[in-house]
Amino acid sequence: MIQASKHRRSTRSSKMVSWSWKTRTQQILQKKLVREFLAEFMSTYVMMVFGLGSVAHMVLSKKHGSYLAVNLAFGFGVAMGVHVAGNISGAHMNAAVTFANCALGRLPWRKFPVYVLGQFLGSFLAAATIYTLFYTAILHFSGGQLMVTGPVATAGIFATYLPDYMTLWRGFLNEVWLTGMLQLCLFAITDKENNPALPGTQALVIGILVVTIGMSLGMNTGYAINPSRDLPPRIFTFIAGWGKQVFSDGENWWWVPVVAPLLGAYLGGIIYVVFIGSTIPREPPKLEDSVAYEDNRITVSSKMEPHTSMASRLTPVSMNPDNRPSVRLAPTLQESMAQEQF
């Protein structure tokens, strides 16, 4: 009996501990900043798995991969990422986009490290996933050696590298320009005061934007246009065995896909805000007028009602206690207007 009682108490205690742990976990996951971190993590992971997988096909098998396929995979990977996190964090999936939004006052700076950490971890895990899935194919293609340059180089599966015909500073300007185009178009796609993408189509339109940049301007540098896309997989290749050359190759190219996109996104955002966003005429709010007759005088009291038309608010003429006609406004859905005595 004593042992049975102890066993019941122990079971009850373990259930209470388990319930308490689940409650605390749920409370943590319900915090807005935690949900935004997880959204950036998952959306970046989805984008990078599709994107890096397509590059692996192109590098390891000319039969199964192509440059067109890489552009389409990254574009639709971005679209899927927007669906994963669009209404939670905005699905930036790009440290440069997050930086531009913070610098231009559209996102609090306190969220910058949270977003970027989620993006970096998602990208790093995606690189590890592709390495695991294609490990035997990589070794078969390269003869068992993990090379950064040469005919059997495989480091380019994970990060961008400067081609021989490009100089470091030309590559820098290329990345600045491409990321500026990306950010400018992103602001246009999401600007409700201009001509935004139709509701429900934003993810597809943003994906098409990425495909367009890659197919038209991506040859020179591999269009990293995203520190979160390039640096974490590069760090992974260093850890996995490709060595220090992943940082030293191309005149120490590694820092350019980190710094240049930040500058480019900021400049692209400023150009849109200054030359496009600030010049869009804003529709003036409509007036909600209350009209009544008093001793042959008309009194008008105005209230700002931006979304309700005057005609939809008028009720038929009625008689007030002094047998004078008056026109009253019907109450809105959110408030009930008090009858005014005139």
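Cut-offs used in this document
Residues numbered from 1 in each chain as written. Predicted model: local features only at pLDDT ≥ 70, side-chain atom pairs only at ≥ 80, totals over all residues. Heavy atoms only, no water. UniProt positions renumbered as here; feature names shortened; annotations may be inferred. Axes fitted to C-alpha atoms, helices over the stretch in contact; angles between N-to-C directions. Helix = DSSP H or I, 4+ residues; strand = E, 2+ residues; numbered from the N terminus. Parallel < 35°, antiparallel > 145°, perpendicular 65-115°, else oblique. Left-handed = near helix turned anticlockwise from the far one by under 90°. Contact = heavy atoms within 4.5 Å. Polar contact = N/O pair within 3.5 Å; in protein donor to acceptor, adjacent residues only side chain to side chain. Phe/Tyr/Trp six-rings, centres within 6.5 Å; stacked < 30°, edge-to-face > 60°. Buried < 20%, exposed > 50% of the residue type's maximum accessible area, 1.4 Å probe, protein only. Lys NZ or Arg CZ within 6 Å of the ring centre and 35° of its normal. Expected span 1.5 Å × (residues − 1). Core = buried A, V, L, I, M, F, W, Y, C linked by side-chain atoms within 4.5 Å. Patch = residues over 30% accessible without salt bridge, like charges linked within 9 Å, V, L, I, M, F, W, Y side chains within 5 Å. Areas by Shrake-Rupley, 256 points an atom, 1.4 Å probe, with all protein chains shown as cover. Salt bridge = Lys/Arg side-chain N within 4 Å of Asp/Glu carboxyl O.

Per an unreviewed UniProt entry, the chain carries the name Aquaporin-7 isoform X3 and comes from Sapajus apella. UniProt, in the comment section headed Sequence similarities (unreviewed entry), describes the chain in these words: "Belongs to the MIP/aquaporin (TC 1.A.8) family." Its UniProt record gives the chain a comment under Subcellular location (unreviewed entry), which states: "Membrane".

*Asks:* Would you take a moment to explain the packing of helix α4 (residues 95–103) against helix α7 (residues 168–190) for this structure?
*Replies:* For any two helices packed against each other, one specifies the crossing angle of their axes together with the interaxial distance. Interhelical geometry of α4 versus α7 gives an angle of 60° and a closest axis separation of 11 Å. In terms of orientation, α4 and α7 fall into the oblique class. Crossing of α4 against α7: the hand is right-handed. Residues A96, V97, A100 and N101 of α4 form the contact with α7, whose participating residues are T179, Q183, L186 and F187.

*Asks:* Can you walk me through the UniProt feature "transmembrane region" (unreviewed entry) in the chain in this structure?
*Replies:* The feature "transmembrane region" (unreviewed entry), as annotated in UniProt, sits at residues 37–60, 66–85, 114–138, 171–189, 201–219 and 253–276 in this numbering. Summarising residues 37–60: 100% helix, 0% strand, and an end-to-end C-alpha distance of 33 Å. This span, residues 253–276, is 83% helix and 0% strand, and a straight line between its end C-alpha atoms measures 34 Å.

*Asks:* Sorry if this is basic, but what is going on with the side chain of S142 here?
*Replies:* Tracing the chain through its elements places S142 in helix α6 (residues 135–142). Only 2.7 Å separates the side chain of S142 from the backbone oxygen of Q145, close enough to count as a polar contact. Apart from residues lying up to four places away in sequence, S142 is in contact with V152 and T154.

*Asks:* What should I look at first to understand the packing of aromatic side chains in this one?
*Replies:* Aromatic ring pairs are defined here through the distance separating the ring centres and the angle between the ring planes. The tally for this structure, following the rule as stated, stands at 16 aromatic pairs. Taking the centre distance of 5.9 Å and the plane angle of 70° together, the rings of Y131 and W242 count as edge-to-face. Of the two residues, Y131 sits in helix α5 (residues 112–133) while W242 sits in helix α9 (residues 227–242), which places them 111 residues apart along the sequence. For the pair formed by Y131 and W242, the shared burial category is buried. Following the ring pairs from residue to residue traces out a cluster consisting of F124, Y131, Y135, F158, F236 and W242. The aromatic ring of F187 is capped on one face by R106, whose charged end is 3.9 Å from the ring centroid. Of note, R234 hangs over the ring of Y161, and the distance from its end group to the ring centre comes to 4.8 Å.

*Asks:* Can you walk me through helix α11 (residues 256–275) in this structure?
*Replies:* An α-helical segment advances 3.6 residues per turn. Residues three or four places apart therefore align on the same side. An ideal rise of 1.5 Å per residue puts 28 Å on 20 residues; α11 measures up with 28 Å between its terminal C-alpha atoms. Tucked inside the fold, the buried residues of α11 contact α4, α7 and α9.

*Asks:* Just checking my understanding: could you explain the nonpolar core for this structure?
*Replies:* Side chains of a nonpolar character, in soluble globular proteins, are inclined to be buried together. By size, the foremost hydrophobic cluster in this structure holds 46 residues, and its most contacted members are I130, I138, I157, F158 and W242. Of all the secondary structure elements, the ones that give two or more residues to this core are α2 (32–60), α3 (67–85), α5, α7, α8 (202–217) and α9. Broken down by element, the residue count for this core peaks at nine residues, all from α2. In terms of nonpolar packing, the next biggest core, distinct from the first, is built from eight residues, L162, M166, F172 and A260 among them.

*Asks:* What should I look at first to understand unusual backbone geometry in this one?
*Replies:* The bulk of non-glycine residues show a negative phi, and the bulk of peptide bonds are trans. In this structure, A91 takes a positive phi of about 50° despite not being glycine. Positionally, A91 belongs in the loop between α3 and α4. A91 gets classed as buried once you look at its relative accessible area, which sits at 7%. Phi angles above zero are rare outside glycine, and I225 is one such case at about 40°. Considering the arrangement of structural elements, one finds I225 in the loop between α8 and α9.

*Asks:* Explanation requested: a nonpolar patch on the surface in the structure shown.
*Replies:* Where nonpolar side chains cluster on the molecular surface, the patch consists of L68, L72, F76, L204, I208 and M215 and spans about 560 Å² of accessible area. Contributions of two or more residues to the nonpolar patch are made by α3 and α8. With respect to the secondary-structure elements, L204 resides in helix α8.

*Asks:* Is there a simple way to explain the pattern of salt bridges in this structure?
*Replies:* If charged atoms from side chains of opposite charge come close, those side chains can pair. Summed over the entire model, instances satisfying the criterion amount to three salt bridges. In this structure, E36 engages K32 in a salt bridge whose closest nitrogen and oxygen atoms are separated by 3.3 Å. Of the two residues, E36 and K32 are both situated in helix α2; the distance of four residues between them amounts to about one turn of the helix. Classification of K32 by relative accessible area gives exposed; the value is 53%. Across the pair D230 and R234 runs a salt bridge, and its minimum N-O distance is 2.6 Å. Pair noted here: D230 and R234 are both in helix α9, with a separation of four residues, about one helical turn. A relative accessible area of 0% means that R234 is categorised as buried.

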